[in-house]
Amino acid sequence: MKYVNIYGNKRNIGKKAVRFIRNSGKIPCILYGKNINIPFSLSLESLKKIVYTTEIYGITLKIEGYDQSINAIRKEIQFDPVNNKILHVDFYKIDQSKPIILEIPVKTVGRPIGVEKGGEYYSFIRKLKVKASTYNMPESIELNINFLDIGDRITVEDLYNDQYTILHPSHTLIARVKSSRTIIKSSQEEENQEGKEKENKK
């Protein structure tokens, strides 16, 4: 898992303090975890690189007034329902001895052979919830779809590995290739034509 460095400013708590922070163009945040609870603020520019992206990053936080940097993950973001501005962000301190849970993006590789035959490819899930240590947490889950023929599918069970655990039922459908309406219509027309030819022979 990649890490990005972010510098935060310590802040006061309370509605007035939060309002002042937002009016100054910054975002109120909090870092929590075992025996830790630190309110701080970040600039919007700092947050953009970890919020407006499909990539998954760990964060190395350097907070004003604290000597040591703290490794954390982004846990929850609160958006304004009207203008979609970021209102608040929660960060969780990483405990290297315990696994963490993150939603990891699914990235496809290749082009299904079934599509070359006229089938249609369907992708049902863009992210998967994964449990792993910080050392084994993948940046993305690669889905090789080259081999998918018409009627084939990929489920969570097909992605099993010993580095991390996907927290979805094993039968969860991720991708498939189905016959297109054109193929179905064409085969029906062929069947009808064959039936007419048989009738004519009689």
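Scroll up to find the structure.
Residues numbered from 1 in each chain as written. Predicted model: local features only at pLDDT ≥ 70, side-chain atom pairs only at ≥ 80, totals over all residues. Heavy atoms only, no water.

Let's shift gears to helix α2 (residues 44–51). All of the buried residues in α2 are S46, L47, I50 and V51. With its buried residues spanning 115° around the axis, α2 presents them on a single face. As for α2, its buried residues are in contact with β1 (2–10), β2 (26–33), β3 (36–43), β4 (57–63), β5 (70–79) and β6 (86–93). (Buried < 20%, exposed > 50% of the residue type's maximum accessible area, 1.4 Å probe, protein only. Helix = DSSP H or I, 4+ residues; strand = E, 2+ residues; numbered from the N terminus. Arc of directions from axis to C-beta. Contact = heavy atoms within 4.5 Å.)

This brings us to the side chain of T155. With respect to the helices and strands, the residue T155 is situated in strand β11 (residues 153–155). Residue classification places T155 among the buried positions, given a relative accessible area of 12%. Not counting the four nearest positions on each side in its chain, T155 is found in contact with S170, H171, T172, L173 and I174.

This part covers the packing of aromatic side chains. Evaluated as defined, the whole model comprises three aromatic pairs. Relative to Y92, the ring of Y32 lies with its centre 5.4 Å away and its plane at 65°, an arrangement referred to as edge-to-face. Of this pair, Y32 sits in strand β2 while Y92 sits in strand β6, placing them 60 residues apart in sequence. Of the residues examined, Y32 reaches a relative accessible area of 29% and is grouped as partly exposed. Taken together, a centroid distance of 5.8 Å and an interplanar angle of 40° make the contact between F40 and F91 tilted. Residue F40 is located in strand β3, and its partner F91 is located in strand β6; the two are separated by 51 residues in the primary sequence. The side chain of K75 reaches across the aromatic face of Y92, ending 5.9 Å from its centre. (Phe/Tyr/Trp six-rings, centres within 6.5 Å; stacked < 30°, edge-to-face > 60°. Lys NZ or Arg CZ within 6 Å of the ring centre and 35° of its normal.)

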